[in-house]
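Each chain, written out:
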Amino acid sequence: MEHEQTIPEQRKEGESAPESDTSVPRRRVGRTALLIAGAVALGVLAGTITGYAVQYDREPTPLPPLAQQTMDGPKPAAMNDATSRRSINATRWHKADEDLAKKLLDLPGGAQDSFSGPVSTDAFSADYFLEPSQAVGSLIRDAKRLATARWSEDDRNFIEINLLQFRDRAGADDFYTEIVQYMPGNDHAGNTGKGLPGAPADFGHMWIDSKAHEEPGYHPLRHGRAVVRRGDIVMSVEYTNNRGEVDEKALAELAKRQMERL
């Protein structure tokens, strides 16, 4: 009896297709892609390491110089009889600061305890404000340059002139207005003062203390002050006498001469 030949393409009616053989493991999906990605990463890493190794043996490439990298000016010097605050602290001033300092009045002949030149913001704040820590921040933000001239005459009259140049006119106006507001207080002049001859009413004013400041064992001190705003610069002239008298005409004359320099 002949066996019936079974042809794969032809099956008897009613016969279902044989179940697939699950004993053979399937191929891992994406294995080739992972291998390629790993090879690429190793290649990049190897290239980076090679680049560092090559660069390590080379001399560093200098950067191009910045514009105005250095400015002409005196070098700091050791203190001796010939040095000044300017020469031993040369790195604290910018060369452009000298432009404002040149507008200061010349020190009179025979002046004692004299100084004239640019000053740093922190040094000015320490000498000028009653509470420097509360004012130095706003001054650093708003002021651009500061210059001071200081001298004494006959050990009785002490003069100090301060020029403050601000970044804009608004900063100068705010500083001037604040002075005008606090000077009438009892801790300062104690009066409203008067206009300064030669200055517009809203841009210049002067005060002389209503009474001298007296303490046991000290000479009586009386202060006079003239303040002017011109553009972005505020000028302050302070005149102190240690005998309790301030020459109003002398104060007005100093202020007038300083205004002319501006």
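Data block above holds the structure.
Residues numbered from 1 in each chain as written. Predicted model: local features only at pLDDT ≥ 70, side-chain atom pairs only at ≥ 80, totals over all residues. Heavy atoms only, no water.

Caption draft 1: Quick look at the nonpolar core. By size, the foremost hydrophobic cluster in this structure holds 25 residues, and its most contacted members are Ile161, Leu196, Ala226, Met235, Val237 and Leu254. Only α3 (97-101), β2 (143-153), β3 (157-166), β6 (222-230), β7 (233-241) and α7 (248-261) provide two or more residues apiece to this core. Looking at this core, the element that brings in the most residues is α7, giving 5 residues. If you look at the next biggest cluster of nonpolar residues, it comprises 18 residues, including Val119, Leu139, Ala143 and Val227. (Core = buried A, V, L, I, M, F, W, Y, C linked by side-chain atoms within 4.5 Å. Buried < 20%, exposed > 50% of the residue type's maximum accessible area, 1.4 Å probe, protein only. Helix = DSSP H or I, 4+ residues; strand = E, 2+ residues; numbered from the N terminus.)

Caption draft 2: Expanded view of helix α4 (residues 121-128). Turning to α4, its buried residues are Thr121, Phe124, Ser125 and Tyr128. Considered in projection along α4, the buried side chains sweep an arc of 100 degrees and stay on one side of the axis. Looking at the buried positions of α4, the neighbouring elements they touch are α5 (132-142), β2, β3, α6 (169-182), β6 and β7. (Arc of directions from axis to C-beta. Contact = heavy atoms within 4.5 Å.)

Caption draft 3: Focus on the packing of aromatic side chains. What the rule picks out here adds up to 5 aromatic pairs. Ring plane angle 85 degrees and centroid distance 6.3 Å describe the contact between Phe124 and Phe129, whose orientation is recorded as edge-to-face. Residue classification places Phe124 among the buried residues on the basis of a relative accessible area of 5%. Every member of this aromatic cluster is reached through a ring pair, and the members are Phe124, Tyr128, Phe129, Phe166 and Phe175. (Phe/Tyr/Trp six-rings, centres within 6.5 Å; stacked < 30°, edge-to-face > 60°.)

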